Amino acid sequence: MKRFKDLTGQRFGRLVAISPTDKRECKAVVWKCLCDCGNVVEVSSGHLHNGSKKSCGCLARDNCIKNGEKLSKDITGQRFGKLVAIRPTDKREDGSVVWECQ
């Protein structure tokens, strides 16, 4: 089995590689990474190396705020099956806002 390059402690934009996971994406190791904002995300080494993933999604949010753009679609009160969206949280998953639902 081919060994992977140890990225532990290396910085990629706002992400710092913490540890490899057992997951693979297109044969690339998926790493658990800590974002400067405090979120933990899993990112393939391919995305880290080519620069397509530089944060948990907070970078895009910060750029929107800086440029005065709307952050995301407001889905407050909308029903999704048995869930109703209450408010957006500060958490991001794959760059998308995580909503608090009831």
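Residues numbered from 1 in each chain as written. Predicted model: local features only at pLDDT ≥ 70, side-chain atom pairs only at ≥ 80, totals over all residues. Heavy atoms only, no water.

## Observations regarding the overall build of the chain
Rules: To qualify as a helix, a DSSP run of H or I must reach at least 4 residues; to qualify as a strand, a run of E must reach at least 2; elements of each kind are numbered from the N terminus. Between the two quantities, the radius of gyration covers C-alpha atoms and the globule rule is 2.2 Å times the number of residues to the power 0.38. Exposure classes here rest on a 1.4 Å probe applied to the protein chains alone. A residue is buried below 20% of its type maximum, exposed above 50%, and partly exposed in between.
Broken down by element type, the chain carries 2 helices and 7 strands. Its helices and strands taken in sequence order, the chain reads β-β-β-β-α-α-β-β-β from the N to the C terminus. Relative to the globule expectation of 13 Å for 102 residues, the C-alpha radius of gyration of the chain, 16 Å, shows a markedly less compact shape. With respect to the three principal axes, the spread of C-alpha positions in the chain is 50 × 35 × 20 Å. Considering the chain as a whole, with its 102 residues, one finds that 26% of them fall into the buried category.

## Let's talk about the side chain of Thr21
Counted only if it meets this: Pairing of N or O atoms within 3.5 Å defines a polar contact, subject to two protein rules: one partner must be a possible hydrogen donor and the other a possible acceptor, and residues neighboring in sequence count only if both atoms are side-chain atoms.
Here Thr21 shows up in strand 2 (residues 15-25). Overall, Thr21 belongs to the buried group, its relative accessible area being 13%. Polar contacts involving the side chain of Thr21 include one to the main-chain carbonyl oxygen of Val30, which spans 2.7 Å.

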